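# Observations on the model geometry
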Amino acid sequence: MAQQEEALTLWEENEETGRGAEGGQARRKGLFSKELRCLMYAFGDDQNPYTESVEILEDIVVEFITEMTHRAMSIGVQGRVQVEDIVFLVRKDPRKFARVKDLLDANEEIKRARKAFDEANYAS
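To start, this report covers the structure provided alongside it.

## Things to note about the overall build of the protein chain
In terms of regular secondary structure, the protein chain is built from 6 helices and 0 strands. The N-to-C order of helical and strand elements in the protein chain reads α-α-α-α-α-α. Here the protein chain holds 124 residues, and the buried ones make up 11% of them. Taking the intrachain contacts of the protein chain between residues at least 6 apart in sequence as the baseline, contacts between residues at least 24 apart amount to 25%. Carbon and sulfur atoms form 56% of the exposed surface of the protein chain, whose accessible area is close to 10,400 Å².

## Brief notes about a nonpolar patch on the surface
On the surface, I56, L57 and I60 cluster together into a nonpolar patch covering about 260 Å² of accessible area. If you trace the backbone, I60 turns up in helix α4 (residues 51–74).

## Quick look at the side chain of E58
Mapped onto the elements of the fold, E58 is located in helix α4. Owing to a relative accessible area of 3%, E58 belongs among the buried residues under this scheme. A polar atom in the side chain of E58 sits 2.6 Å from the backbone nitrogen of L31. Within the structure, the side chain of E58 is placed 2.9 Å from the backbone nitrogen of F32, a separation counted as a polar contact.

Definitions and limits used
- Residues numbered from 1 in each chain as written.
- Predicted model: local features only at pLDDT ≥ 70, side-chain atom pairs only at ≥ 80, totals over all residues.
- Heavy atoms only, no water.
- Helix = DSSP H or I, 4+ residues; strand = E, 2+ residues; numbered from the N terminus.
- Buried < 20%, exposed > 50% of the residue type's maximum accessible area, 1.4 Å probe, protein only.
- Contact = heavy atoms within 4.5 Å.
- Areas by Shrake-Rupley, 256 points an atom, 1.4 Å probe, with all protein chains shown as cover.
- Patch = residues over 30% accessible without salt bridge, like charges linked within 9 Å, V, L, I, M, F, W, Y side chains within 5 Å.
- Salt bridge = Lys/Arg side-chain N within 4 Å of Asp/Glu carboxyl O.
- Polar contact = N/O pair within 3.5 Å; in protein donor to acceptor, adjacent residues only side chain to side chain.

What follows is the structure, encoded as structure tokens:
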């Protein structure tokens, strides 16, 4: 009986940490679900889409991010993901490349605005 309780406790701990039978998949469930529900609604789905639809879409998103990260890690500096690596990977897809460029430009603009704001606060 004690072994059974110990095994059950170990199984529960593995499920909580994501090292269960699914190999880390349980830990990622729900990571993007709120955002995906909002995106699905914005693109014409129901305000409360089916949970199964959100889970499938989340699996696709997580798989895409994982694959792109692994590919980016194999380019350039081994074991590190840099912005240039991501740009290199999406260079042949005009829509993704344009989106990455827009996000990078917006990031630079935000950095400049923060710097100007901080300088204005420290000067006074």
